[in-house]
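Letter by letter, the chains look like this.
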Amino acid sequence: MLTVDLPVARRGMLFKCKLCGQKCCNMNPEIDKEDLERIRKIFPSFKPYVSPEGKMLLMGEKGYCPFLKNGLCIIHEYKPVICQLYPFYPIEKKILDNLLEEIPEDVEIVGYGLEEYVFLFDEKCPGIGEGEPIDFMGLLNKFLQAKHFLKNPL
Ligand code: SF4
Ligand code: SF4
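Conventions we followed
- Residues numbered from 1 in each chain as written.
- Chains lettered and ligands numbered in written order.
- Predicted model: local features only at pLDDT ≥ 70, side-chain atom pairs only at ≥ 80, totals over all residues.
- Helix = DSSP H or I, 4+ residues; strand = E, 2+ residues; numbered from the N terminus.
- Buried ≥ 20, exposed ≤ 12 C-beta atoms within 10 Å, placed from the backbone.
- Near = placed C-beta within 6 Å.
- Nonpolar A, V, L, I, M, F, W, Y, C, P; charged D, E, K, R; others polar.
- Pairing = 2+ DSSP bridges.
- Axes fitted to C-alpha atoms, helices over the stretch in contact; angles between N-to-C directions.
- Contact = placed C-beta atoms within 7 Å.

As a further point, take the overall build of the protein. For the protein, the count of helices and strands is five helices and 10 strands. For the protein, the residues scored as buried account for 19% of the 154 residues in total.

What follows concerns the environment of Phe 121. With respect to the helices and strands, the residue Phe 121 is situated in strand S9 (residues 115–121). Note: C-alpha distance between Phe 121 and Ala 9 (112 residues apart in sequence) is 6.6 Å.

Next up on the list: the site of ligand 2. Contacts to ligand 2 come from Cys 24, Cys 25, Pro 29, Leu 58, Cys 65, Phe 67, Leu 68, Cys 73, Ile 75, Lys 79, Pro 80 and Cys 83. Here the shell around ligand 2 is composed, by residue class, of 11 nonpolar, no polar and one charged.

The subject of this paragraph is the sheet that holds strand S8 (residues 110–112). Hydrogen bonds along the backbone pair up the strands of a sheet, which may run parallel or antiparallel. Sheet architecture is open: three strands sit in the order S7-S9-S8, paired in antiparallel fashion. For this open sheet the edge positions go to strand S7 (88–92) and S8, each flanked by a neighbour on one side alone. Averaged over all pairs of adjacent strands, the angle between strand axes in this sheet comes to 40°, irrespective of strand direction. Relative to S8, helix H4 (residues 136–145) is tilted by about 40°, and along the sheet it contacts S7, S8 and S9.

It is a general feature of regular strands that their side chains alternate between the two faces of the sheet. Bridge analysis of S7 against S9 gives five bridges, and the strand direction is antiparallel. By the bridge assignment for S9, Glu 92 is matched with Tyr 117. Two strands pair when backbone bridges link them, and S8 and S9 are joined in this way by three bridges, in the antiparallel orientation. Each residue of the ladder has a partner; that of Val 110, found in S9, is Tyr 117.

Within the secondary structure, Asn 141 sits in helix H4. Of the residues examined, Asn 141 has 13 C-beta atoms within 10 Å and is grouped as partly exposed. When the C-alpha positions of Asn 141 and Tyr 112 are compared, they lie 8.9 Å apart, and in sequence the two are 29 residues distant.

Let us look at the sheet that holds strand S4 (residues 56–57). Strand order in the open sheet formed by three strands is S2-S4-S3, with antiparallel pairing between adjacent strands. Looking at the sheet topology across the chains shown, the edges are occupied by strand S2 (30–31) and strand S3 (49–50). Where S2 meets S4, two bridges bridge the pair, whose relative direction is antiparallel. Its bridge partner being in S4, Glu 30 is matched across the sheet by Leu 57.

Purely spatial values, then, with no claim about function.
This is the structure we're talking about:
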């Protein structure tokens, strides 16, 4: 069993995107059909990069997401679910139970049906700890509604 200090969201945690454009957009997010349909509402001929494994990725000629311009996302209202969730990522609590000897008592746990979820986060995001308390239930709903993730559970 691991005892690593995973970045797990705690109750009352704050977040506000500082629109730094530095961390989250220097990656190639995977998208699903729903994400693609949404993006095509504003860029009708957009074609994602398709990896050898058949994954649709946002990867432009420069190697990073093609919608990052001058440090900002130009499809902010239409961006993929994984971008909407960033810097948080929900996992089922039982996965964390298997990873850690003991879960700190102030960890944010959100119940949904018979399952419980916790949220990992990217510590490099400068928006963590700023702004308003996080609506974890809203994040979880967004996550669960994304067909891609339902088809490919963690
Ligand atoms: S790294 Fe964090 S603060 Fe910067 S743009 Fe992304 S979400 Fe916002
Ligand atoms: S879609 Fe927008 S938020 Fe997502 S990686 Fe690209 S520029 Fe960043």
